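Tertiary structure, described
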Amino acid sequence: MQLRSIILYSKSGEKRVLDFCLGELNIVTGTSQTGKSALLDIVDFCMGRDEVTLPIGPISRTVSWYAALFQLPDTRAFVARKAPAPGRKSVTNAMLELGADLEPLDFEQLRVNADSTMVREQLGGRIGIGDTAVEGTGGPGSGPLTAHLGHAALLCLQNQDEVSHRRWLFHRQAEDGIRTALRTTLPYFLGAVAEDQAAMQQQLTTARRALRRLQGELKAAEALNQDVDVTLQTLLREAETRGLLPEAGAVEVVADRAGAIEALRRAATVASLPTPMREEEQRRRELELQQVRDQLRRNLRDVADQRKLLTDQEHHENGFTSAVNRGVSRLGAAQLVAVQPDGGQDLRACPACGSELSEPDPPVDAMLAMRDELRGQLDAVRTTRPGRERALRQLQEETDQLRQRLRGVEGALSVVSEAEAARRGLQSRAEEQAYTRGRIDTYLAQLDHAGPGGDLVRLRSQITLAEQVVTGLEAELDPQEVEDRLAHSLNYISSDMTQWADRLRLEHGTRHVRLDLKRLTVVTDSDEGVAELMRIGSGKNWVGYHLVAHLALHQYFVVHGRPVPRLLMLDQPTQPYYPSDVAKQAGMRDVPARDEDREAVLRLFELMRDVVDELGGGFQIIVSDHANLPESWFQDRVRYNWRDGDALIPQEWIDQHGGSAS
């Protein structure tokens with residue numbers, strides 16, 4: 001997989017196509033802020049990355065679609081990604097077209113027909129990345145990781161912040177999860193992990209499960225053959241207890257195993273006790289009785305309330321009668337008052353002693369009239385008393401009748417409850433019989449399957465074959481064998497790294513230069529011991545070791561046919577040799593001033609040129625850099641020189657859509 005073209009589409013539909021040569025070193029040179037670094041971000045985006053890393057500026061203000069045309073082994077792939085909406089940091093939708101003669105499409109042909117996952121799967125599958133699940137190294141429970149094109153892209157891109165970094169060797173290595181993905185998938189891309197590892201791992205899991213099942217069946221069969229007679233007698237006793245052997249003493253007359261089995265077969269076919277069904281009529285009758293009982297209880301409460309009302313009334317009348325009788329007795333003394341000769345009454349004289357009263361008494365006839373009135377009230381009370389007594393007798397009779405009816409209803413409900421308890425007992429008995437019949441059926445089925453020892457022979461033979469399958473798969477997935485293959489690959493890569501580090505005259509480059517996959521860095525030997533990249537000084541050494549590591553990896557990928565894009569993009573690899581932007585604005589040139597720096601830069605590009613040429617078109621490098629060396633071979637490989645107003649985004653687009661070139 002190599003890059004044929006990068007295509008930009010403006011918001012008004014214009015198309016900008018940048019073509020690259022397959023199997024060659026392609027150089028894009030130019031001054032700062034001309035869009036060189038954006039090329040790598042566009043390719044990363046078109047290889048299925050969701051996060052948008054393109055700079056905010058002229059490119060974001062003018063471009064509506066980003067696209068790349070890839071050359072695959074048997075066809076071409078056109079991938080287009082729509083520019084994210086303002087404020088969006090990620091995009092998942094995409095366009096994917098495949099065709100042997102595809103050329104960059106026109107703006108009117110662009111449409112969303114895929115997503116980033118489909119892009120990775122389709123392109124990855126075309127270059128040979130299968131559905132390979134690699135065991136993770138993230139600790140217990142990390143699980144396998146399925147390699148895809150996004151993991152391969154990490155080995156193909158080096159932006160300007162990465163190519164000279166002393167700690168991070170690979171693209172996006174500083175991000176969460178990327179280090180684990182690199183450690184996990186690099187053995188697969190190097191060929192140390194088998195292509196069909198995921199399938200083989202699934203086969204091993206299935207084979208182990210089948211072996212455990214056979215071992216369990218063998219154990220059960222051996223137990224059956226050892227305890228047959230004991231289990232048969234136990235089941236016979238249980239069947240007898242449950243009433244499944246109607247013949248008295250049936251267990252005692254069983255003489256051998258065959259007789260026990262036959263008796264159990266008969267027991268398993270005995271019909272269960274009839275389980276009385278609770279008829280709807282019985283349920284309806286119970287509900288009716290409950291309703292009658294509840295009504296009788298309400299009636300009793302009503303009668304009790306009426307009796308209480310009458311008894312309270314009688315109590316109040318008795319109090320009233322006593323008070324009136326006392327009044328009548330007192331008023332009877334009025335008859336003792338003396339009568340005057342003229343027939344009048346001396347109201348000032350005491351009737352008892354004749355002495356004069358300080359206040360005269362009421363007239364005698366008034367008191368006698370009140371007495372008569374009170375006697376009339378007493379007669380009225382006595383008149384109502386027989387009616388109340390009759391009402392109380394009737395209420396008592398009604399109470400007795402209600403209580404008698406209530407006892408009858410409650411007795412009927414008790415009978416229904418006893419019938420229900422009996423039914424439940426019969427149902428429980430039937431369930432016990434069904435449970436025992438099930439145990440008998442299960443055991444006899446196992447006994448039929450096992451046979452008199454013949455099943456043991458079959459199971460042992462199957463276990464032997466299953467163990468051979470498991471052993472074979474474990475050998476193919478042996479972690480030590482994976483480690484050995486990985487060590488062989490790294491030694492192969494190390495020889496090239498050491499040779500090229502010496503050629504670039506890197507510090508400690510004459511020693512054993514190698515990759516450390518656990519720490520994801522370059523290490524070499526020094527007089528003071530092993531030196532990691534971060535312990536080696538100078539940005540020039542960091543760039544050099546980044547370059548030799550990636551060139552050695554890609555040469556290995558090409559020679560051994562590994563499923564990694566045949567593409568390496570480098571952004572600003574010569575930055576340690578060039579003056580800062582401040583110095584350049586002061587008039588310094590875009591060429592290293594010192595001869596030794598210029599020679600070092602020349603060695604970098606010569607190494608890239610030679611590695612590409614040695615691989616005979618099987619590898620492509622695209623470099624974005626300030627360098628613009630005068631050598632003819634260098635100029636032959638310059639595809640774009642963005643100086644004097646030339647840039648990735650045409651000035652016409654900027655003028656049309658606003659903004660400035662910077």
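Residues numbered from 1 in each chain as written. Predicted model: local features only at pLDDT ≥ 70, side-chain atom pairs only at ≥ 80, totals over all residues. Heavy atoms only, no water.

Turning our eyes to something else, we now look at the overall build of the protein chain. Secondary structure assignment for the protein chain yields 17 helices and 16 strands. The 662 residues of the protein chain split such that 43% are buried. Sequence-distant contacts in the protein chain: of pairs separated by 6 or more residues, those separated by 24 or more amount to 71%. By element, 49% of the accessible surface of the protein chain is carried by carbon and sulfur atoms, the whole surface being about 34,200 Å². (Helix = DSSP H or I, 4+ residues; strand = E, 2+ residues; numbered from the N terminus. Buried < 20%, exposed > 50% of the residue type's maximum accessible area, 1.4 Å probe, protein only. Contact = heavy atoms within 4.5 Å. Areas by Shrake-Rupley, 256 points an atom, 1.4 Å probe, with all protein chains shown as cover.)

It is worth spelling out the nonpolar core at this point. Among the nonpolar cores identified, the biggest contains 115 residues, and Phe70, Leu123, Leu515, Leu551, Phe605 and Leu648 are the most heavily contacted of them. Among the elements that line this core, the one with the most residues is helix 13 (residues 539–559), at 12 residues. Phe605 has contacts with Leu25, Ile27, Thr574, Val623, Asp625, Ala627, Leu629, Trp633 and Phe634, leaving out every residue within four places of it along the chain. Counting residues in hydrophobic clusters, the runner-up holds 17 residues, among them Ala260, Leu264, Ala267 and Leu447. (Core = buried A, V, L, I, M, F, W, Y, C linked by side-chain atoms within 4.5 Å.)

This structure, assessed with the given rule, holds eight aromatic pairs. Consider the rings of Phe45 and Tyr66, whose centres lie 6.2 Å apart with planes at 75 degrees: the pair is edge-to-face. Here Phe45 is found in helix 1 (residues 36–46), whereas its partner Tyr66 is found in strand 4 (residues 63–71), with 21 residues between them in sequence. Judged by relative accessible area, Phe45 falls into the buried class, the value being 2%. Residue Tyr66 is classed as buried on the basis of its relative accessible area of 2%. A ring pair is formed by Phe605 and Phe634, whose centres lie 5.0 Å apart and whose planes are at 80 degrees; its orientation type is edge-to-face. One end of the pair, Phe605, is in helix 15 (residues 595–614); the other, Phe634, is in helix 16 (residues 632–636), with 29 residues separating them in the sequence. Both residues of the pair, Phe605 and Phe634, count as buried. By way of ring pairs, the aromatic residues Phe20, Tyr640 and Trp642 are connected into one cluster. One cation-aromatic arrangement involves Arg562 over Tyr188; the distance from NZ or CZ to the ring centre is 5.6 Å. (Phe/Tyr/Trp six-rings, centres within 6.5 Å; stacked < 30°, edge-to-face > 60°. Lys NZ or Arg CZ within 6 Å of the ring centre and 35° of its normal.)

Attention now goes to the side chain of Thr62. Within the fold, Thr62 resides in helix 2 (residues 58–62). According to the relative accessible area criterion, Thr62 is buried, its value standing at 0%. Side-chain polar atoms of Thr62 contact the backbone oxygen of Pro58, separated by 2.7 Å. (Polar contact = N/O pair within 3.5 Å; in protein donor to acceptor, adjacent residues only side chain to side chain.)

Right, let's talk about the pattern of salt bridges for a bit. Side chains that differ in charge, positive against negative, can pair when their charged atoms come close. Counted under the stated rule, the structure contains 21 salt bridges. Between Arg49 and Asp44 there is a salt bridge, with the nearest N and O atoms lying 2.9 Å from each other. Classification of Arg49 by relative accessible area gives buried; the value is 10%. For Arg519, the salt bridge goes to Asp516, with nearest N and O atoms at 2.6 Å. On the accessibility criterion, Arg519 (44% relative accessible area) is partly exposed. The network of salt bridges with common partners includes Asp44, Arg49, Glu51, Arg172 and Glu175. (Salt bridge = Lys/Arg side-chain N within 4 Å of Asp/Glu carboxyl O.)

The six strands lie next to each other as 2-1-4-5-6-7, forming an open sheet whose pairing is antiparallel. With partners counted over all chains shown, the strands left at the sheet margins are strand 2 (15–19) and strand 7 (114–115), one partner each. Helix 1 rests against strand 1 (2–10), strand 2, strand 4 and strand 5 (76–82) of the sheet, and its axis sits at about 75 degrees to strand 4. Each of strand 4, strand 5, strand 6 (93–99) and strand 7 touches helix 3 (residues 116–126); the most contacted strand, strand 6, lies at about 30 degrees to it. (Pairing = 2+ DSSP bridges. Axes fitted to C-alpha atoms, helices over the stretch in contact; angles between N-to-C directions.)

In this section: the side chain of Gln158. Tracing the backbone shows Gln158 in strand 10 (residues 157–158). A polar contact of 3.1 Å, which involves the side chain of Gln158, links it to the backbone oxygen of Leu169. A polar side-chain atom of Gln158 sits 2.8 Å from a polar atom in the side chain of His546. Setting aside anything within four residues of it in sequence, one finds Gln158 in contact with Leu40, Val163, Leu169, Phe170, His171, His546, His550, Met569, Leu570 and Asp571.

When you line up the elements, Val292 lands in helix 9 (residues 280–331). What makes Val292 partly exposed here is its relative accessible area of 34%. Sequence separation of Val292 and Arg405 is 113 residues, and the distance between their C-alpha atoms is 9.4 Å.

Within strand 1, eight of the nine residues are buried, leaving the element largely enclosed by the surrounding structure. Turn length for the strand 1-strand 2 hairpin, with the two strands adjacent in sequence and antiparallel, is four residues, and the turn residue Gly13 shows positive phi of about 100 degrees.

The next subject is the packing of helix 13 against helix 15. Running from N to C, helix 13 and helix 15 cross one another at 5 degrees; their axes reach a closest spacing of 11 Å. Classified by the angle their axes make, helix 13 and helix 15 are roughly parallel. Where helix 13 abuts helix 15, its residues Lys540, Val543, Leu547, Val548, Leu551 and Gln555 lie against Asp597, Leu604, Leu607, Met608, Val611 and Glu614. Residue classes in the contact of helix 13 with helix 15 are distributed as eight nonpolar, one polar and three charged. (Parallel < 35°, antiparallel > 145°, perpendicular 65-115°, else oblique. Nonpolar A, V, L, I, M, F, W, Y, C, P; charged D, E, K, R; others polar.)

The next subject is the confidence of the model for the protein chain. Across the protein chain, the average pLDDT comes to 82, with 78% of residues at 70 or higher. Low pLDDT, under 50, characterises residues 137–142; the predicted model gives this stretch six contacts beyond four residues in sequence or across chains. A low-confidence stretch, residues 580–588 stays under pLDDT 50, and its non-local contacts, those more than four residues away or across chains, total eight contacts. (pLDDT = per-residue confidence, 0-100.)

Next up on the list: unusual backbone geometry. The backbone of His508 sits at a positive phi, close to 65 degrees, despite the residue not being glycine. One can find His508 in the loop between helix 12 (479–503) and strand 11 (514–516). A relative accessible area of 29% means that His508 is categorised as partly exposed. Even without being glycine, Leu520 reaches a positive phi, approximately 55 degrees. Here Leu520 is to be found in the loop between strand 11 and strand 12 (521–526). Given the relative accessible area of 0%, Leu520 is considered buried.

Before going further, it helps to spend a moment on helix 13. Taking 1.5 Å of rise per residue, 21 residues should cover 30 Å, and helix 13 covers 30 Å from first to last C-alpha, within 8% of that figure. Along helix 13, 19 of the 21 residues are buried, which leaves the element largely enclosed by surrounding structure. Where helix 13 starts, the residue carrying a side-chain oxygen 3.2 Å from the main-chain nitrogen of Lys540 turns out to be Ser538. Where helix 13 ends, the next residue or the one after it, Gly561, has phi of about 65 degrees, a positive value. (Expected span 1.5 Å × (residues − 1).)

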